[in-house]
Amino acid sequence: MAEQITPEQQEQANSEWVRNQFQKANQYLAEKGILPDNVAVSESRYLTPLMAVWKISAQNRQQYWVISGDLPTDHMPLSAAKDAREAVRAFSLHWQMKAEQIMNSGTPDQTKTDFANLLVNRAHGLYDLFNNEELWNSPK
């Protein structure tokens, strides 16, 4: 028989997941040469354990939307979307275009084909999340 998880344990697991995703987003930006300064928590959104969308300010005074979770970590300028919900849609469209570019780039190897398929799959999932009114009308 499976052990029951208490609400406190679930809350702790969710908090740890969010913390890990924030660290993942910051590390990703650092690898891209962008030094994170702070995050606008009230404008960021997360859906444990699927995805987190962070509004992050960098030390160079630029601001970005960063997505992480059970999908490729990615970023875009803040100007690409007015809020976290629109950022989810923008990532979805961007990934579909990126996948199309990969598939149209001659004869992609299996790794690139697999990545393109992952992008399409996650893009469709993101668009479904964007389209789900219940997710966006309630507090995170």
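To be clear, the structure that these remarks concern was listed above.
Okay, so let's go over this structure. (Residues numbered from 1 in each chain as written. Predicted model: local features only at pLDDT ≥ 70, side-chain atom pairs only at ≥ 80, totals over all residues. Heavy atoms only, no water.)

**Topic: the overall build of the protein chain**
Test applied: Helix and strand assignments come from DSSP, with helices taken as H or I runs of at least 4 residues and strands as E runs of at least 2, each series counted from the N terminus. Categorising residues by exposure relies on relative accessible area from a 1.4 Å probe, with only protein chains included: less than 20% of the type maximum marks a residue as buried, more than 50% marks it as exposed, and the intermediate range marks it as partly exposed. Accessible surface is estimated by sampling points in the Shrake-Rupley manner with a 1.4 Å probe; for residues, cover comes only from the protein chains shown.
The helix and strand tally for the protein chain stands at four helices and five strands. Reading the secondary structure of the protein chain in the N-to-C direction produces α-β-β-β-β-β-α-α-α. When its C-alpha atoms are laid out on the principal axes, the protein chain stretches across 50 × 45 × 30 Å. Considering the protein chain as a whole, with its 140 residues, one finds that 34% of them fall into the buried category. For the protein chain, the accessible area works out to roughly 8900 Å², and carbon and sulfur atoms hold 49% of it.

**Quick word on the pattern of salt bridges**
If the charged atoms of two oppositely charged side chains come close together, the side chains can form a pair. To keep it simple, the criterion reads: Within this document, salt bridges are pairs made up of a side-chain nitrogen of Lys or Arg and a carboxyl oxygen of Asp or Glu, the two lying within 4 Å of each other.
Taken as a whole and judged by the stated rule, the model has four salt bridges. Between Glu133 and Arg85 there is a salt bridge, with the nearest N and O atoms lying 2.9 Å from each other. Here Glu133, found in helix 4 (residues 133-137), pairs with Arg85, found in helix 2 (residues 84-103); they are 48 residues apart in sequence, far enough to count as distant. Classification of Arg85 by relative accessible area gives buried; the value is 18%. With a closest N to O distance of 2.7 Å, Glu86 and Arg89 form a salt bridge. Linking Glu86 with Arg89, this pair stays in helix 2, spanning three residues, or about one helical turn.

**Let's talk about the environment of Glu3**
When you line up the elements, Glu3 lands in the segment before helix 1 (7-31). Its relative accessible area of 69% is what places Glu3 among the exposed residues.

**A look at helix 3 (residues 110-131)**
Put simply, the test is: Multiplying 1.5 Å by the residue count of a helix minus one yields the expected span of that helix. Only heavy atoms matter for contacts: two residues are in contact if any of them lie within 4.5 Å across the pair.
Taking 1.5 Å per residue as the helical rise, helix 3 with its 22 residues ought to reach 32 Å, and the 31 Å between its terminal C-alpha atoms agrees with that figure. Within helix 3, burial applies to Thr113, Ala116, Leu119, Ala123, Leu126, Leu129 and Phe130. At its buried positions, helix 3 is contacted by strand 2 (45-47), strand 3 (51-58), strand 4 (63-69), helix 2 and helix 4.

**Points about unusual backbone geometry**
The step from Thr48 to Pro49 runs through a cis peptide bond, and the omega angle for that step is -5°. Tracing the sequence through the fold places Pro49 in the loop between strand 2 and strand 3. Of note in this structure, Arg61 is not a glycine but carries a positive phi near 75°. Counting through the fold element by element, Arg61 comes out in the loop between strand 3 and strand 4. For Arg61, a relative accessible area of 77% puts it in the exposed group.

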